[in-house]
Protein chains: 2
Amino acid sequence: MLEKLFKPSSIAVVGASRNRDKVGNIVLRNILSTFRGKVFAINDKADSVEGIRTNKSLKDVGSVDLVVVAIPRTAVPQVMEEAVQVGAGAAVVITSGFRETDEEGAKLEEELVSIARKGGVRVLGPNTLGLITPDMNATFAFADVLKGNVAVVAQSGGIGVYMLNWAQRTRIGLSYFVSLGNQADIDETDIFQFLAEDLDTRVIFSYLEGVANGSKFLDVVPSIANRKPLVFLKGGMGREGAEAAKTHTGSLTGSGDLFRAAVRTVGGIQVDGLEDMLNLAKILTADEPIRPDILVITNSGGHGVLTADAIESAGLKMAALTPRAIDKLKEVLPPQSPPKNPLDLSGDADSGRYRRALQMVQDLDCTKLVIVQSLPMVSCSEVARVVLGFKGREVVTVVMGLDEDAASRTLELAKMPVFRFPEDAVRAISYVLKRKPPQRKIRVPQPIEEARSLVEGRKYVPDYVAMKLMELYGIRTPRWAVVESSSQLEAAADKVGFPLVIKASTDYPIHKTEMGGVVMNVERDSLGHAYNQVSSKFKRVLLQRQLHGVEVFVGGLRDPTFGHAVVVGIGGVHVEVMKSLSYALSPVSEDEALEIMSESKVTQLLTARNRNYDLGSVVRAISTISRMIVDLNVKEMDVNPLMVNETGAYAVDVRIEL
Amino acid sequence: MLEKLFKPSSIAVVGASRNRDKVGNIVLRNILSTFRGKVFAINDKADSVEGIRTNKSLKDVGSVDLVVVAIPRTAVPQVMEEAVQVGAGAAVVITSGFRETDEEGAKLEEELVSIARKGGVRVLGPNTLGLITPDMNATFAFADVLKGNVAVVAQSGGIGVYMLNWAQRTRIGLSYFVSLGNQADIDETDIFQFLAEDLDTRVIFSYLEGVANGSKFLDVVPSIANRKPLVFLKGGMGREGAEAAKTHTGSLTGSGDLFRAAVRTVGGIQVDGLEDMLNLAKILTADEPIRPDILVITNSGGHGVLTADAIESAGLKMAALTPRAIDKLKEVLPPQSPPKNPLDLSGDADSGRYRRALQMVQDLDCTKLVIVQSLPMVSCSEVARVVLGFKGREVVTVVMGLDEDAASRTLELAKMPVFRFPEDAVRAISYVLKRKPPQRKIRVPQPIEEARSLVEGRKYVPDYVAMKLMELYGIRTPRWAVVESSSQLEAAADKVGFPLVIKASTDYPIHKTEMGGVVMNVERDSLGHAYNQVSSKFKRVLLQRQLHGVEVFVGGLRDPTFGHAVVVGIGGVHVEVMKSLSYALSPVSEDEALEIMSESKVTQLLTARNRNYDLGSVVRAISTISRMIVDLNVKEMDVNPLMVNETGAYAVDVRIEL
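Heads up: these notes are all about the structure in this document.

Conventions used here
Residues numbered from 1 in each chain as written. Chains lettered and ligands numbered in written order. Predicted model: local features only at pLDDT ≥ 70, side-chain atom pairs only at ≥ 80, totals over all residues. Heavy atoms only, no water. Pairing = 2+ DSSP bridges. Helix = DSSP H or I, 4+ residues; strand = E, 2+ residues; numbered from the N terminus. Axes fitted to C-alpha atoms, helices over the stretch in contact; angles between N-to-C directions. Contact = heavy atoms within 4.5 Å. Parallel < 35°, antiparallel > 145°, perpendicular 65-115°, else oblique. Nonpolar A, V, L, I, M, F, W, Y, C, P; charged D, E, K, R; others polar. Left-handed = near helix turned anticlockwise from the far one by under 90°. Buried < 20%, exposed > 50% of the residue type's maximum accessible area, 1.4 Å probe, protein only.

1. Section: the sheet that holds strand β21 (residues 480-483) of chain A
All names here are of chain A.
So, step 1. Pairing is antiparallel in the open sheet, where four strands are placed in the order β21-β24-β22-β23. Looking at strand neighbours, the two that pair on one side only are β21 and β23 (518-522), the edges of this open sheet. Strand-to-strand twist of the sheet, defined as the mean angle between neighbouring strand axes without regard to direction, takes the value 20°.
So, step 2. The sheet contact formed by strand β22 (residues 500-504) and strand β24 (residues 541-545) spans five bridges and is antiparallel. Looking at the pairing, K503 lines up with L542 of β24.
So, step 3. Packed onto the sheet, helix α18 (residues 463-472) meets β21, β22 and β24 and runs at close to 155° relative to β21.
So, step 4. Contacts from helix α20 (residues 527-535) reach β21, β22, β23 and β24 within the one sheet, and its direction differs from that of β22 by about 15°.

Structural data, given as structure tokens:
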């Protein structure tokens, strides 16, 4: 579909300047020095540029596959018309000053896209650095990168250049490099789709500030992530960064929490910064398998201690040595060092001791994290050469000391992962291990008929209707009754049982407690008094059986980018204080529900102090709510609290906005 | 006091081997090539070593200042006797195999220290790599480090060598390097004290697994940290690392939480890993001041976005631009880029634009974080040269791209801090900004006489006595009464008031709730029933007025290393689940109490939802408990919960162990 963009047989550069400092000249030179097909240079003021004859206008070229545009913004729509006329399949619009700049630019952007769409021209950009393929460099960056298996997709030109420089410095080979720019037409998902099919590309790294089309992303990316690792670095995770991104690529960054949930759903890996991305690349571009448990092998006790600390704080597991491995290792270690994990080979270990130790553990099902400090008895390079002999045996190496550069190169050339700090190695390993299997969310609304008729035409759902909705969906509620006059009180209270809670019942959400609309712990003898207290201010009153248990927060929301999602956390006031919330996209499977319950520490709360609270009922409630918000197209809802005890989970207060 | 160790006029090497691979030979060579005073080589099998005549025995040398020992462990005590005889002031015992190895070694270690102490010889080690001073290298590490202003103190030999290698690679100059080893005599605090006085040393970096003498540390280190920055990396912060440290330097690592509290008290900086330590060194060894607010200046929007994210997530503040600065910056920036923070100079910025922007903001009271991505219009080196002109203007630079190495060197030579990743720069800045002023804790027990007599001779304090203790110390309790027979019940209940709680009252702590010893929400009509329920199992019963409010946890403990400390967190079951606890050493000032309340989110809980709960009473309770545990030499106590509402803070359940 994007063949003309990625594999054109001819390219026209519109705005091919003679001035060697201009973007239009640089991109032409880059193309001329890399591309073997036909190249046209369009310039209406000069006869030749960089040794090739120019055409005055794009219309003069007859036909062309790909048009690269580097002219002032106001002239771009006209050129798009011409591109349509000459049958171009794609255009790379390098020109900036569109949506990211002002209203005028936004209009021009709409105009150029509408022309291109009508004429069947796919557009990369505007405001893009261009793209690099195995057969051409159509960017204005001077980049001398090797051909290889890593694809880079960047929404920011600056980050794009940084990644190109990184590839150049570290001699990592790239298959494709795409600068997305404003994504007026072609978006990140289109590019991912192409790269998924591409045989040269083994791993995809991306920098995004926002996702252009959330539902397309959720639809398509899981099957891509199933085929190759897909890494995301997102700019604008925080408030300050999001603010900065708005003026930068004109991106609405969207909620960082939802982005994280979306990446988890599609089976991607989200890193927390550039350095983490480069460190993770060391593992993903190498051929070494990574296993969940880690065995640390070192010649410095201190390094072993720090590494064990790092493994624990990353939530990873130290491997347990088998009795057999311990026996074998005893032959290798000096008598004063009993075999343990971390395995301290001692400061007098030479490379032979490293080799023997690796031989003894090579069949253990764990990641072997080999750490070498250059000491009088051994250099990093010697151990690096030993490690080469254990390729494929799940070995990750950390080289520390004077010759660490040389030792690094030895291992990198052999495609074995190597780091300078144990903490970096552990972080990179943890990204790989924490990746979840890709999932496609099926979001077909299938509302229960009665539920639909209950909410029809409403923006807010009155509390007692919300209770009925919960029950229709099979979520339990505490026994309740609505009382509209004091004559109904006794019978209603008998139905509900004591102790009970009396609450104001309103059609719109209010802060009931703050407005004196809640009385707790009501027994029979205080019923009348409590009722009068609330009913003096509110006409309708809700009686609810008071339950004991733990308060859990379950919310639902409709995200403008990624659609319906649920959020779970420890309930009551702790929601706001601890901000220990975890998100998942709807619908949520029971596995995912368990996952976000444990991430947000809800599971820990429900099982603390040997409590036997009903975890299963919470899992079912989360999963049910995640389907309900899709069925009824809920804009926002809170169940706070969902009261959980030994007998189940009960929706106590429910607020729904449609 | 350690003059003979650090500035000897003569050195004897005992175990000066002819074998060039042996430690005793290497250390001799290192000394010979650096030290200008008299050197004796002790070897009873050879006449000369490395070109100098040997003595058969240490006794033969007449007199010597410093003895370096590298002989088998069993011979070490005898050599210590001889060192005493020849009037040595200090010994460096390189030999290992002592406390870190086995019982036998532990005994030998005690023996050698006892001989040395009696004879007035100070001992570094055993199991040390040695030390380096501006005048000598008395280690067995081959290290070619520059002389400079950074002191390194390491408990682990491997980490010590790593730091030496680091200094060598980065051309950072060292003043002193000390490998502590087992700290049988000289400990980290002794070394810090020497370095505090030393005029060459401007900053001290240390790696510790445990502190040898906590009270000495707390006593002495604050005044050191007042004079120069003191950085700690601790091995064994986690469970896994602590386990590994035990077999490594024989260290009991102690509690990581308490270590963190101790470092805060003494005004040190604790880093989370080796890489963080090296990054922090970039700032501490440079001359650039660091201000609390940060202005980001960049030529890549994406870098700006990621940096703003990093600043926010480190809890630091983006600087606000003054209207005047905005006006001035408008002259510098292209029209489509309004001046903001991050200040995006645009991808077409040349080094002149960087210079003009820096001129416009150089007087702003903030840290200027200058980030340059090498782009066609500008290289890192060009901007590095521009930055040189703003030395002393609070500039921290991040260079990214092809020539980052060269640009780094330019700035490092000028002692200006420079990084490769914005995230690293932000982390390093945050360590500097989060440092607290050093404090010396005065821990003189001044028990209230009545309190002392209440606890005298007890291991556990019965609950009602604990209540009285609280009251003696001015901490409020809910109204309470003890009931030992049903005849007292009515009167006691009237005194306490309703609703009340009935609890088993025991002399030893038990799990009251689990054992059916607690009934809540007791009103007059259920009093008799509830009383019977509890008193059927427990002879003595406590009535307590039931209060509403927020549950806070306040604990006190006696740490084997650092003595009395308090711990604060969100109370009830959340203590265990969220593990959001914060520690401070006793006695705790009101400022510190506020600090740990906010760190553990207690403050946030007390002020959430516009609550007007009494923060001041919690501050006073924490500070009072911190003095009380010193006064009464408490081993462990919990107030859980301290119930806080608008009227104050009330100790509801108190458990004290002496």
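2. As for the packing of helix α5 (residues 157-170) of chain A against helix α11 (residues 301-313) of chain B
Angle between the axes and distance between the axes are the two parameters that describe a pair of packed helices.
So, step 1. Two elements in contact, α5 of chain A and α11 of chain B, have axes separated by 5 Å at closest approach and are oriented at 95°. Between α5 of chain A and α11 of chain B, the interaxial angle falls into the category roughly perpendicular. Between α5 of chain A, through G158, I159 and Y162 of chain A, and α11 of chain B, the contact on the second element is made entirely by G302, H303 and L306 of chain B.
So, step 2. Of the residues assigned to the contact of α5 of chain A with α11 of chain B, the class counts are three nonpolar, three polar and no charged.

3. Some thoughts on the packing of helix α6 (residues 188-197) of chain A against helix α7 (residues 214-225) of chain A
Residue and element names in this part refer to chain A.
So, step 1. In the contact formed by α6 and α7, the axes pass within 10 Å of each other and the chain directions differ by 20°. On the basis of the axis angle, α6 is roughly parallel to α7. As for how α6 packs across α7, the hand of that crossing is left-handed. Between α6, through E188, T189, D190, F192, Q193 and A196, and α7, the contact on the second element is made entirely by K216, F217, V220, V221 and I224.
So, step 2. Residues that form the contact of α6 with α7 fall into these classes: six nonpolar, two polar and three charged.

4. With respect to the environment of L388 of chain A
Residues and elements named next belong to chain A.
So, step 1. Mapping L388 onto the fold places it in helix α14 (residues 380-388).
So, step 2. Looking at L388, the relative accessible area reads 32%, which means it is partly exposed.
So, step 3. Measuring from C-alpha to C-alpha, the distance between L388 and L278 comes to 22 Å, with 110 residues separating the pair along the chain.
So, step 4. Look past the residues within four positions of L388 in its chain and what remains in contact with it is T410, L411, A414 and M416.

Read these as geometric descriptors, not functional statements.
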